[in-house]
Amino acid sequence: MSIKLIADSGATKCEWCLLQQGKKKSITTQGISPYFLSASQITGLLTAELLPKLKQVVVDEVFFYGTGLANINNVKILQSVLKKAFPKAAIEVQNDLLAASRALCGKEKGIACILGTGANSCYYNGRKIVKNSPGLGYILGDEGSGAYLGKKVIQYYLYQTFDEELKARFEKHFAVSNNEILENVYKKPLANRYLASYAIFLAENRGHYMVENIIEDGLNDFFFTHLYKYRESWTLPIHFVGSIAHGFRDVLKELCDTYELELGTILKAPMAGLIAYHR
């Protein structure tokens, strides 16, 4: 039986799963993104954090899914690095949207959506991505994402839209000044992650009408801006993966019911689905 190694990587963390004779072994390393790491740095990371834990197992197939891999140059960099690390293995490098599609839909047709720190979606025909409504990133788009919802939380606070109860809860939870918020958003790196960190405030204050409005409006923006663009949305199940989708799955169900769409699978992370796909 072929020995397979599956990776699901963001910029911060990479989850690996070794499939060998029906058994699974999970390994976590630093995130691997060609946008942030050079080929030599990725090689060093694999040598230090991954290969020793594989204990000289000869891998037959490597399936690597990650961020930033819509760029063909980044794909080539990772293919080259992985081939050196696993010279006897067949290497496949794909982006995180195909990972979501395979994890959620398997080999069936469906609409696959990512709602985590960022957002993305596509129509997947059971083999490949056929249509993609672009996410545009956290400044121009990413409707329904953690960054999008977190930005709304900050806006409600800075514009003094929150009532006194929510304002007090916000200040107790974050203890941050207006200037610090603006500094982190406009001057420091990784502003998308910073914005997304405020989405936790929504999860912790469910039931308050302002919180519910932010969640419902933000997710509805995703439906209207993206899902409406696929005519297949009306005939195929809509699947979701990501922390926002999983945390607010009740709202997604309500929206699907409202728009008479079929809600499919909701996963917090894609790895379990990828393992099932590659078995």
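The structure displayed is predicted, hence computed values, not measured ones.

Student: Sorry if this is basic, but what is going on with the packing of helix H10 (residues 209-225) against helix H12 (residues 249-258) here?
Tutor: Contact pair H10 / H12: the axes reach a minimum separation of 10 Å and the direction vectors enclose 55 degrees. Judged by the inter-axis angle, H10 sits oblique to H12. The handedness of the crossing between H10 and H12 comes out as right-handed. Contact residues: H10 offers Ile215, Glu216, Leu219, Asn220 and Phe223, while H12 offers Val251, Leu252, Leu255 and Cys256.

Student: For this particular structure, what's the right way to read helix H1 (residues 39-54)?
Tutor: One turn of an α-helix holds 3.6 residues; hence residues three or four places apart share an orientation. Its 16 residues give H1 an end-to-end C-alpha distance of 21 Å, which sits within 8% of 22 Å, the value for a rise of 1.5 Å per residue. At Thr47, H1 shows its maximal kink, close to 40 degrees. Listed as buried for H1 are Ile42, Leu45, Leu46, Glu49, Leu50 and Leu54. Positive phi shows up at Lys55, right after H1, with a value of about 55 degrees.

Student: Honestly, the pairing of strand S4 (residues 61-66) in this entry has me stumped. Any pointers?
Tutor: Consecutive residues of a regular strand have side chains that alternate between opposite faces of the sheet. Burial runs high along S4: five of the six residues are buried. Inspection of the sheet shows S4 paired to strand S5 (residues 90-95) by six bridges, in the parallel sense. Among the inter-strand pairings, Phe64 is bridged to a residue of S5, identified as Val93. Handedness of the crossover is the feature at issue here: the chain leaves S4, passes through helix H2 (residues 72-85), returns alongside S5, and the resulting connection is right-handed.

Student: Before we go on, may I ask you to explain the packing of aromatic side chains in this structure?
Tutor: Remark: the centre distance and the inter-plane angle together describe each pair of aromatic rings, the angle taken between the planes. For the coordinates displayed, the defined rule picks out 17 aromatic pairs. Where Tyr194 meets Tyr198, the ring centres are 5.2 Å apart and the plane angle is 75 degrees; that geometry is what we call edge-to-face. Comparing Tyr194 with Tyr198 shows no difference in burial state: the two are buried.

Student: Help me out: how do you make sense of the environment of Glu61 in this one?
Tutor: With respect to the helices and strands, Glu61 occurs in strand S4. Along the chain, Glu61 and Lys88 lie 27 residues apart, while their C-alpha atoms are 8.5 Å from each other. Setting aside residues up to four positions removed in sequence, Glu61 forms contacts with Ser2, Ile3, Lys4, Leu5, Ala89 and Ala90. Of the polar contacts made by the side chain of Glu61, one reaches the side chain of Ser2; its length is 2.7 Å.

Student: Just to check I follow, could you spell out unusual backbone geometry for this structure?
Tutor: Most peptide bonds adopt trans geometry, and most residues besides glycine take a negative phi value. A positive phi is found at Lys55, a non-glycine position, where the angle reads about 55 degrees. Backbone geometry at Ala175 places phi at a positive 45 degrees, although glycine is not the residue there. Along the chain, the position of Ala175 falls in the loop between helix H6 (164-174) and helix H7 (178-186). Taking relative accessible area as the criterion, Ala175 reaches 64% and is therefore assigned exposed.

Student: Before we go on, may I ask you to explain the environment of Asn192 in this structure?
Tutor: Position of Asn192 relative to the elements: it lies in helix H8 (residues 191-196). Distance in space between the C-alpha atoms of Asn192 and Thr117 is 7.1 Å, their sequence separation being 75 residues. Discounting residues that sit within four places of it in the chain, Asn192 has contacts with Thr117, Tyr138 and Ala147.

Student: Mind showing me how you'd approach the pattern of salt bridges here?
Tutor: Oppositely charged side chains may form a pair once their charged atoms are brought near each other. Following the criterion strictly, the structure yields eight salt bridges and no others. With its nearest N and O atoms 2.7 Å apart, the salt bridge here joins Arg206 to Glu212. Overall, the relative accessible area of 30% leaves Arg206 in the partly exposed class. For Glu212, a relative accessible area of 22% translates into the label partly exposed. The shortest N-O distance in the salt bridge between Glu232 and Arg231 comes to 3.9 Å. Accessibility expressed as a relative area gives 67% for Arg231, which makes it exposed. Sharing partners across several salt bridges, the network here consists of Lys131, Arg231 and Glu232.

Student: In this structure, what is going on with the nonpolar core? I would like to understand it.
Tutor: Note on soluble globular proteins: their nonpolar side chains tend to be buried together. Membership of the largest hydrophobic core comes to 43 residues, with the highest contact counts inside it found for Phe170 and Phe240. At seven residues, H10 tops the list of elements feeding residues into this core. Once residues lying within four places of it in the same chain are set aside, the contact partners of Phe170 are Val153, Tyr157, Phe162, Ala175, Val176, Ile181, Tyr198 and Phe201. Ile3, Leu54, Val81 and Val93 belong to the second-largest nonpolar core, a separate cluster that totals 24 residues.

Thresholds, definitions, all that
Residues numbered from 1 in each chain as written. Predicted model: local features only at pLDDT ≥ 70, side-chain atom pairs only at ≥ 80, totals over all residues. Heavy atoms only, no water. Axes fitted to C-alpha atoms, helices over the stretch in contact; angles between N-to-C directions. Helix = DSSP H or I, 4+ residues; strand = E, 2+ residues; numbered from the N terminus. Parallel < 35°, antiparallel > 145°, perpendicular 65-115°, else oblique. Left-handed = near helix turned anticlockwise from the far one by under 90°. Contact = heavy atoms within 4.5 Å. Expected span 1.5 Å × (residues − 1). Bend = angle between axes of the 7 residues up to and from the residue. Buried < 20%, exposed > 50% of the residue type's maximum accessible area, 1.4 Å probe, protein only. Pairing = 2+ DSSP bridges. Right-handed = clockwise from strand over helix to strand, strands pointing away. Phe/Tyr/Trp six-rings, centres within 6.5 Å; stacked < 30°, edge-to-face > 60°. Polar contact = N/O pair within 3.5 Å; in protein donor to acceptor, adjacent residues only side chain to side chain. Salt bridge = Lys/Arg side-chain N within 4 Å of Asp/Glu carboxyl O. Core = buried A, V, L, I, M, F, W, Y, C linked by side-chain atoms within 4.5 Å.

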